[in-house]
Amino acid sequence: MIPWVHLDTSAIPGETASLRLMRRGDEFAIVVDSIELMNSRRSGSERALASLACARLRDRPAPRVLIGGLGMGFTLRAALAEFGPRAEIVVAELIPAVVAWARGPLAHLFAGSLDDPRVALHETDVHHLIAKAPGAYDAILLDVDNGPEGLVQQTNDRLYDVAGLGRAHRALRPGGLLGVWSESPDRKFKSRLQRGGFAVEENKVRSAGSGGRHVVWIGEKTAAAPGPRA
């Protein structure tokens, strides 16, 4: 078997762990410590995060979508494929090295998507974009960490707690969608979504043809009041 080759390492702001970019032949992986966060051959659930949400927005002529987490670009490319020329897709990526990898060793995976005029890329915490933009988005798609339980950064938990879901609810337009990717099911998080003012659909999606299943929640903003403002 072809061995993995280490290409680069990046510090994670505020954490002792680091991200590593690995390559084995034409396969790439991003790893934190010994845990694989993403793999170029297992992208089905990341694409589904976009396609499941975008399918519900096709009646909106100029949707504005926020993607939290650039990763290897699979969610971004899927969203671009779904939408027309009037769409606006805002991408937030906290770690500058991930953006550098997207324009460097992983550029072939992005296939020019970062240069699409519909895309605005921000090197920032998606939390900040959500908090300062009430009623700004038709959809917010979160592929941050390994799901609602922080792994890479403990501060990611603030996206998924009651207050964080309240901020997402306020940042969405009426009938807007919150999509969340997770490595595994989480009944407590699904319940928080429902209590936070979302009608929730849980989808179990294969990461690859023969791979395991990940979870994609699609929450539609309802008129119900979300959790307390924080």
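All values derive from a computational prediction rather than experimental measurement.

A.B. asks: Which parts of the structure should I look at to understand the overall build of the protein chain?
C.D. replies: Helix and strand counts for the protein chain stand at 8 helices and 11 strands. On C-alpha atoms alone, the protein chain measures out to a radius of gyration of 17 Å, which is about the 17 Å that the 2.2 N^0.38 rule sets for 230 residues. Over its C-alpha atoms, taken along the principal directions, the protein chain stretches across nearly 55 × 35 × 35 Å. Relative to its full complement of 230 residues, the protein chain shows a buried share of 52%. Charge centroids of the protein chain, computed over 29 positive and 26 negative side chains, lie 5 Å from each other.

A.B. asks: Where do I start with the sheet that holds strand S3 (residues 27-32) in this structure?
C.D. replies: Sheet strands pair by backbone hydrogen bonding; their relative direction is either parallel or antiparallel. Overall, antiparallel pairing links the 4 strands, which are arranged S1-S2-S3-S4 in an open sheet. Edge strands, defined here as strands with exactly one partner in the open sheet, are strand S1 (5-11) and strand S4 (35-39). With direction set aside, neighbouring strand axes in the sheet form an average angle of 25°. Relative to S4, S3 is paired through 4 bridges, and the arrangement is antiparallel.

A.B. asks: Any chance you could explain the packing of helix H1 (residues 44-54) against helix H2 (residues 74-82) here in plain terms?
C.D. replies: Angle between the axes and distance between the axes are the two parameters that describe a pair of packed helices. Put simply, H1 and H2 touch, their axes get as near as 7 Å, and they point 30° apart. With respect to their mutual orientation, H1 and H2 come out roughly parallel. Taken as a pair, H1 and H2 cross one another with a handedness that is right-handed. Between H1 and H2, the residues in contact are Glu46, Arg47, Leu49, Ala50, Ser51 and Cys54 and Phe74, Thr75, Ala78, Ala79 and Glu82, respectively. By residue class, the composition of the contact of H1 with H2 is 6 nonpolar, 2 polar and 3 charged.

A.B. asks: For this particular structure, what's the right way to read helix H8 (residues 187-195)?
C.D. replies: Helical periodicity: at 3.6 residues per turn, an α-helix aligns residues three or four positions apart in one direction. Sitting at the amino-terminal end of H8 is Asp186, which places a side-chain oxygen 3.2 Å from the backbone nitrogen of Lys188. Phi turns positive, to about 95°, at Gly197, one or two residues after H8.

A.B. asks: Looking at this structure, I do not really get the pattern of salt bridges. What am I missing?
C.D. replies: Proximity of charged atoms lets side chains of opposite charge pair with each other. Applying the stated criterion across every chain yields a total of 13 salt bridges. We note a salt bridge from Glu27 to Arg41, for which the minimum N-O separation is 3.6 Å. You can see Glu27 sitting in strand S3 and its partner Arg41 sitting in the loop between S4 and H1, a full 14 residues away along the chain. Put simply, Arg24, Asp26, Glu27 and Arg41 are held in one network by salt bridges that share partners.

A.B. asks: Any chance you could explain the nonpolar core here in plain terms?
C.D. replies: One broad rule of soluble globular proteins: the nonpolar side chains tend to lie buried together. Leu19, Leu70 and Leu76 are the most contacted members of the largest nonpolar core, which has 45 residues in total. Apart from residues no more than four positions distant in its own chain, Leu76 is found in contact with Ile67, Leu70, Ile89, Val91, Ser113, Leu114 and Val119. Listed in part, the 25 residues of the second largest apolar core include Ala92, Tyr137, Ala168 and Leu193.

A.B. asks: Please clarify how the environment of Phe189 should be interpreted in this entry.
C.D. replies: Along the chain, Phe189 turns up in helix H8. Judged by its relative accessible area of 0%, Phe189 is buried.

A.B. asks: I would appreciate a short explanation of the sheet that holds strand S10 (residues 198-206) in the present structure.
C.D. replies: The 7 strands lie next to each other as S7-S6-S5-S8-S9-S11-S10, forming an open sheet whose pairing is mixed. Strand pairing shows two members of the sheet lacking a second neighbour, strand S7 (119-122) and S10, which therefore form its edges. Neighbour to neighbour, the strand axes of the sheet diverge by 15° on average, direction disregarded. Relative to strand S11 (residues 213-221), strand S9 (residues 172-182) runs antiparallel, the two sharing 6 bridges. Within S11, the residue paired with Val180 across the bridge is Trp217.

A.B. asks: Before we go on, may I ask you to explain the pairing of strand S2 (residues 18-24) in this structure?
C.D. replies: Side-chain positions along a regular strand alternate between the two faces of the sheet. Bridge count for S1 against S2 is 6 bridges, and the pairing is antiparallel. The residue of S2 that forms the bridge with Val5 is Arg23. Here S1 folds back onto S2, and the loop between the two strands holds 6 residues, one of which, Gly14, carries a positive phi near 80°. Bridge analysis of S2 against S3 gives 6 bridges, and the strand direction is antiparallel. Its bridge partner lying in S3, Met22 is registered against Ala29. Between S2 and S3, which pair antiparallel one after the other, the connecting turn spans 2 residues, and Gly25 there sits at a positive phi close to 65°.

The rules we used
Residues numbered from 1 in each chain as written. Predicted model: local features only at pLDDT ≥ 70, side-chain atom pairs only at ≥ 80, totals over all residues. Heavy atoms only, no water. Helix = DSSP H or I, 4+ residues; strand = E, 2+ residues; numbered from the N terminus. Rg over C-alpha atoms; globule rule 2.2 N^0.38 Å. Buried < 20%, exposed > 50% of the residue type's maximum accessible area, 1.4 Å probe, protein only. Lys, Arg positive; Asp, Glu negative; His and termini not counted. Charge placed at Lys NZ, Arg CZ, Asp CG, Glu CD. Pairing = 2+ DSSP bridges. Axes fitted to C-alpha atoms, helices over the stretch in contact; angles between N-to-C directions. Parallel < 35°, antiparallel > 145°, perpendicular 65-115°, else oblique. Left-handed = near helix turned anticlockwise from the far one by under 90°. Contact = heavy atoms within 4.5 Å. Nonpolar A, V, L, I, M, F, W, Y, C, P; charged D, E, K, R; others polar. Polar contact = N/O pair within 3.5 Å; in protein donor to acceptor, adjacent residues only side chain to side chain. Salt bridge = Lys/Arg side-chain N within 4 Å of Asp/Glu carboxyl O. Core = buried A, V, L, I, M, F, W, Y, C linked by side-chain atoms within 4.5 Å.

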